[in-house]
Amino acid sequence: MTVVLSKDARVLLGERVRTSRLLGKDEELVLHGGGNTSVKLTVRDTLQRNREALLVKGSGSDLASIDENGFTILDMVPLLEAKAIERMSDIEMTSYLRTCMLDPDQPFPSVETFLHAFIKAKFVDHSHADSILSLTNTDLDDGKIAEIFGGKVLVLPYVAPGFELARYFMDFVSSIDISGYEGVILRHHGLVTWGETADESYDRHINIVSAAKNFIAEKWKGIQRREIEEGKRDEFIDFLPVLRGLLSRGNRKILYWDNSPEMVGYSLLPEAEEFSSLGPATPDMLIRTKMNYLYLRSLSEAREGVEKYVADYRDKFQRYIGTSYPMHDPYPSVIVVKGYGVVTSSPSYKESRIIGDQVRHSFRVSIAAKSVGRNRFITEKQAFEMEYWSLEEAKLKKFRKPELQGYIGLVTGAASGIGKVTFSRFADEGILAIGADIDPSIVFMTDKNGMKFGMKFDITNEEEVRNAFREVVEMFGGIDVVFNNAGYLKPSPLDELSLNELRKHIEVNSIGSFNVTKEAFKIMKKQGIGGNIIFNITKNVTNPGKGMTAYGTSKAFASQLSRYVAVEGGSYGIRSNVVNPDKIFRESKIWEGGVLEDRAKAKGITVDEYRKGNLLHMEVLPEHVANVVIALIRDGTFGATTGASIPVDGGIQ
Ligand code: ZN
C-alpha cells in the first residue's frame, strides 16, 4: 500500500461505504454494478506528504457489496487541472485518469470520475434511478422537471458519458453557485447529489427519488399483471429451440425466458410493439440491449421477424458506424412475444439474466414516462454511437470470447469419475454445463457463476428424461452437446450372470443412453444448428474382458446407437462419436469396493501393474477423456468426424 489513510479519513471512508451499500441495495436505483459514489479526503502518500484525494468507486465493484478497497484513490490536483483541457478523447481520458491514480495497483476508477471531482462537496452519490429516468425520458422540458423538486434540483441535457459530459458538467457547475442546490438530473442518464456528510448526500438522493416517484404515482398507468395462459407454457417450450436456432446462426446463444406476470402483462400492452424502437432506460445499457427489441405478435412470425431485424441492424450499422469498428452480433438481444413474456439472448447465461433485469426496468421506465408525458430517448445515431463506444470497443478488442461459449452441454453420470471431471471441464471451456446424475449430491454441484447446473434424474425413466430436457429448454433455450457417460458395471462370470443383473446393465447402459439421446436429438433437429452426441463406451466392445458380458453387451447397444445417430443426424449437422477409455481409476466409483483389487488378482498382477497395464505404461486419467470430449465438440478439430470411436486407453497391450 503506497497510500495511508489517517484514522479520521478511515471514519469518513467507512461512512462512504455504509451509504454506498444502501444505495446499491435498491435495484430501483442501481442495477448490476451501475451507479457510483465518492468521497474527498486528505491522504498521506509514500513520502509522508498530505495529498488531497478523491476516492471513487473502482471498476469491478458493486455498490451493494462495496468495501473500503472498492474505492480507487486519485490525486485531486491533476484531476482539477484537467479543467484547462478543452478536448480529450475517451481513450485519452482513461490514460489521464491512470496518471492521477495514487496507488497504481488499484482497480481503474469509474469513467465518471471527473464528474465527482468537479463537484465542490465532500460526498457525491450518482445513480440511474428508474423514477428519475421516467421523467427524463419524456418530452417534459427541463423547467417542468425542475419544478417537481421545488427548484432544488438542476436539469442538464443529454451528453454522452466520458470527458465530454464531465467538461460540460464542470462548465455548468462552475458557472453557478451550486450551494443552493441538492442535486443535478442528467437527462436520459440519472441523478447526482452531494453533501458535506455521507448521510446528507444519500438523504438528498432518496428524497429527490421519492419526489419523482410520488409525481409519477399519481399518473401511473401501470402494467396489468397477467399469468401465462394454460397450455401456452408448453407451446412456448416447444418453440424455444426454434427461436434459439434462429438467433444462433452466427454465435450460439443462451436464452433467458421471463414469463413473470409482470412481463407477460407487458407483452400484452397495446404499446409493446410501438415501444420496440424506444431504446432502454439509459444509454449505457445499449451495449447489451441494443436500441430496438424484436416484437413478435405470434410465434409463426419468428423467422421473418429475426431476418428483418438482422437486415435492419446491418443497414443502421452501415449508416452510423460504417468501417470504424467491426459489427457486433446483429441478432436481437431482447425479444418480446405477445402473451408469452420476454426472452433475452446472449452467449452467456449470466449476461442474458443481466439483460433480462435491464429490460424489466426499462419497460417500467417506458410506461412511467408515457404516463407523465410523451416518450423521448436519445436519437438513433446517438444510440449507435453509444453501443459502439470507443472505451467498450477497446475492451472488446482485448477480450476473446471462449470458442465454446454459448454452447449448452449435458453430461450424465456427472456426480463422480469421468463425468464429474468432464462436467467441470465443460464449464472451464465456457460451455453452460448441466450435470445429470441419479445421485442427489449432484444438485449441490450447481455453482454461483451460472456455468454449472446439477440436475437429479434417472436416465432409465423415459418420463423423467423428457421432463429434464423440458426443464433445460425452459431454462436455457436448447441443447448442443450430450455426453452419454452414465454407466452401470458389475463384473460376473457368464455362467453366474443372472438375468436380473443383465437387465440392470441394459436398463442403464443401453436404454438410459437411448432415452437421453432421443430427447436431445429432437431438440437439436428443431434448432437446426447441429449438435454433438458423444458416448462413453470403454474398450469392452472392441476388446472384451472376462466377466464383462453384461457390461460389454449393453454398451455394444450404445456403441451401435451412436452410429445410427451419425446416419440420421448427418444432414442436420449432428455428429455422434464414441470415446473408449480404459482403466480410469481416479474419482471413479465403478472400481470401488474391491473391484480393482479383484481384477488385478484375476490377472495375477499387482494393483499398480494393473493400473498402468498399457503400451505407454501410464495411468490414464479422467482428464484425458474429458479433453478428448472437448476436442470432439470443437468444429475446428473434429468438425468432419462422425460415427467414429476414439480410444483413450494408453494403448491396449
Ligand atoms: Zn452514470
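Residues numbered from 1 in each chain as written. Predicted model: local features only at pLDDT ≥ 70, side-chain atom pairs only at ≥ 80, totals over all residues. Heavy atoms only, no water.

(A) Representation of the domain arrangement of the chain in the model. Split by domain assignment, the chain resolves into domain 1 (7–217), domain 2 (232–398) and domain 3 (408–588 + 620–647). Centre-to-centre separation of domain 2 and domain 3, based on C-alpha positions: 35 Å. Each partner contributes to the interface: domain 2 provides 19 residues, whereas domain 3 provides 20 residues. Buried area between domain 2 and domain 3, summed over both chains or domains, comes out near 1,600 Å², and the portion from carbon and sulfur atoms is 55%. Our count for the domain 2 to domain 3 interface comes out at 5 salt bridges. Here Arg 233 makes a salt bridge to Glu 474, at a shortest N to O gap of 2.8 Å. In this assembly, domain 2 and domain 3 are joined by 9 residue pairs in polar contact (both at pLDDT 80 or more). Elements that contribute at least two residues to the side of domain 2 that touches domain 3 include exactly helix H9 (232–247), strand S8 (254–258) and helix H13 (349–372). Sort the elements by how many residues they give to the side of domain 2 that touches domain 3 and H9 lands first, with 9 residues. (Domains from an automatic or database assignment. Contact = heavy atoms within 4.5 Å. Buried area = accessible area lost by both parts, 1.4 Å probe. Salt bridge = Lys/Arg side-chain N within 4 Å of Asp/Glu carboxyl O. Polar contact = N/O pair within 3.5 Å; in protein donor to acceptor, adjacent residues only side chain to side chain. Helix = DSSP H or I, 4+ residues; strand = E, 2+ residues; numbered from the N terminus.)

(B) Examining the packing of aromatic side chains more closely. On inspection of all chains with the given rule, the structure shows 15 aromatic pairs. Summarising the aromatic geometry, the rings of Tyr 293 and Phe 363 are spaced 5.4 Å apart at their centres and angled 65° between planes, so their arrangement reads as edge-to-face. With a gap of 70 residues between them, Tyr 293 in the loop between helix H11 (286–289) and strand S9 (294–296) and Phe 363 in helix H13 connect regions that are remote in the sequence. Here Phe 363 falls in the buried class, since its relative accessible area comes to 3%. Summarising the aromatic geometry, the rings of Tyr 349 and Phe 476 are spaced 5.1 Å apart at their centres and angled 80° between planes, so their arrangement reads as edge-to-face. Of the two residues, Tyr 349 is situated in helix H13 and Phe 476 in helix H17 (residues 462–476); the sequence distance between them amounts to 127 residues. Residue Tyr 349 is classed as buried on the basis of its relative accessible area of 11%. An aromatic cluster is defined as three or more aromatic residues linked by ring pairs; in this entry it consists of Tyr 96, Phe 114, Phe 118 and Phe 163. Across the ring face of Phe 215, the terminal group of Lys 219 is positioned such that the distance to the ring centre comes to 4.6 Å. Of note, Lys 452 hangs over the ring of Phe 423, and the distance from its end group to the ring centre comes to 4.9 Å. (Phe/Tyr/Trp six-rings, centres within 6.5 Å; stacked < 30°, edge-to-face > 60°. Buried < 20%, exposed > 50% of the residue type's maximum accessible area, 1.4 Å probe, protein only. Lys NZ or Arg CZ within 6 Å of the ring centre and 35° of its normal.)

(C) Representation of the pattern of salt bridges within the structure. Going through the model one piece at a time under the given rule, you end up with 39 salt bridges. Between Arg 374 and Asp 139 there is a salt bridge whose closest N-O contact spans 3.8 Å. Of this pair, Arg 374 sits in the loop between H13 and helix H14 (380–387) while Asp 139 sits in the loop between helix H5 (130–136) and helix H6 (142–148), placing them 235 residues apart in sequence. Relative accessible area serves as the criterion here: at 58%, Arg 374 is assigned to the exposed category. Between Arg 425 and Glu 429 there is a salt bridge; the shortest N-O distance is 3.1 Å.

(D) Representation of the sheet that holds strand S12 (residues 408–412) in the model. If you trace the 7 strands from one edge of the open sheet to the other, you get S14-S13-S12-S15-S16-S17-S18, paired in parallel fashion. Two strands close off the open sheet at either side, each with one partner strand: strand S14 (452–456) and strand S18 (645–648). Mean inter-strand twist for the sheet, computed between neighbouring axes without regard to direction, equals 20°. Sheet topology places strand S17 (residues 574–581) next to S18; 4 bridges connect them, and they run parallel. (Pairing = 2+ DSSP bridges. Axes fitted to C-alpha atoms, helices over the stretch in contact; angles between N-to-C directions.)

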